[in-house]
Amino acid sequence: MQIIGEKINGTRKRVAQAIAERDAGFIKDLAVRQAEAGSAWLDVNAGTRPDLEPDDLVWLIETIQPEVDIPLCLDSANPLALRAAIGAVNKTPMINSISGEPGRLEKILPLAAEHGCQVIALALDEKKIPETSAKRLAIISQVMAATRAAGVPDERVYCDPLAMTLATNIHSAEVAFETMRGIKAAFPGVHLTIGLSNISFGLPARKYVNRTFLTLAIQAGLDSAILDPLDREMRAAILATELVLGRDKHCLNYVRASRAGVFDESK
Ligand code: THG
């Protein structure tokens, strides 16, 4: 399971403040702690003001990059911000994201193809997020036709079936699982990812819902996720799920994590 650390996100109040005030210390600390907790990528989202986004994203990248050895996941729908960001990174980034929206395919997919980036493909189009897994799968099939035509290998595509909150649709987790299974059957070479915490938006005691959703999603084929790597119980759930599903040869990761104190509540 590859973790994309979610915490450097300008839609969070404290991060938005740090970006506005150019508080490098706050951002560096979030970067270092998420990297130390085993993230494979750090998601970087500069917030929702299009005019400021290119400069803010480049500032974030230049602030984070000297502190960590892992690549970044550029979380933006703004081609100008993404272009500026790709000029500032020193490791090939993941691009988050493209979708069935023609504008994103035309402007963002070529960037990913040209720079050899991994790319997240969302199962939505310009109309909306479809309710059914069949419609989400149809969009992913369209996007896959485009990534293949652009010369992006399937292994670089991370399909996101989309987690919508259970608070407004009690079947939204099932739809996500069905979509994942459909994607893996049609495109065995792709990866799957998901923004985990959306599933519990508006509910109490969200961590239980998030962890259970993650466990079942791993069984449905999920191999990466955008989540909070500083949530120790979440990491424990990932390790235990992979062990139980036979994906941890000789129980090595589980035993190593135990020795490293991952299960140790005093740490
Ligand atoms: N798919 C893809 N990318 C995504 C999402 C997705 N990027 C953004 C988002 N969804 C995932 N990232 C986050 C980052 C932070 C938080 C949630 C999702 C977060 N939320 C707090 C909470 O949920 O309680 C509230 C905010 C706060 O702490 O201030 O931290 O689905 N491809």
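Before any of the text, the structure's been laid out above.
Note that the coordinates shown come from a computational prediction; the quantities given were computed from them, not determined experimentally.

Examining the state of the cysteines
Thinking step 1. This model, assessed by the stated rule, comprises zero disulfides.
Thinking step 2. Free of any disulfide, Cys73 has its nearest neighbouring cysteine sulfur in Cys117, separated by 10 Å.

Quick look at the side chain of Gln65
Thinking step 1. Note that Gln65 resides in the loop between α3 (53–64) and β3 (72–75).
Thinking step 2. With relative accessibility at 17%, the residue Gln65 sits in the buried group.
Thinking step 3. Within polar-contact distance, the side chain of Gln65 engages the backbone nitrogen of Asn90 at 2.7 Å.

Some points on the sheet that holds strand β4 (residues 94–98)
Working definition: the strands of a sheet are paired by backbone hydrogen bonds and lie parallel or antiparallel to each other.
Thinking step 1. Pairing is parallel in the open sheet, where eight strands are placed in the order β7-β6-β5-β4-β3-β2-β1-β8. Lying at the two open borders of the sheet, with one neighbouring strand each, are β7 (191–192) and β8 (224–227).
Thinking step 2. As defined by bridge partners, strand β5 (residues 118–122) adjoins strand β6 (residues 157–160) across four bridges and the pair is classed as parallel. When the sheet's bridge partners are listed, Ala121 is paired in β6 with Cys159.
Thinking step 3. Contacts from helix α2 (residues 24–36) reach β1 (2–9) and β2 (41–45), with the element oriented near 165° to β1.

What counts, and where the lines are drawn
- Residues numbered from 1 in each chain as written.
- Predicted model: local features only at pLDDT ≥ 70, side-chain atom pairs only at ≥ 80, totals over all residues.
- Heavy atoms only, no water.
- Disulfide = S-S within 2.5 Å.
- Helix = DSSP H or I, 4+ residues; strand = E, 2+ residues; numbered from the N terminus.
- Buried < 20%, exposed > 50% of the residue type's maximum accessible area, 1.4 Å probe, protein only.
- Polar contact = N/O pair within 3.5 Å; in protein donor to acceptor, adjacent residues only side chain to side chain.
- Pairing = 2+ DSSP bridges.
- Contact = heavy atoms within 4.5 Å.
- Axes fitted to C-alpha atoms, helices over the stretch in contact; angles between N-to-C directions.

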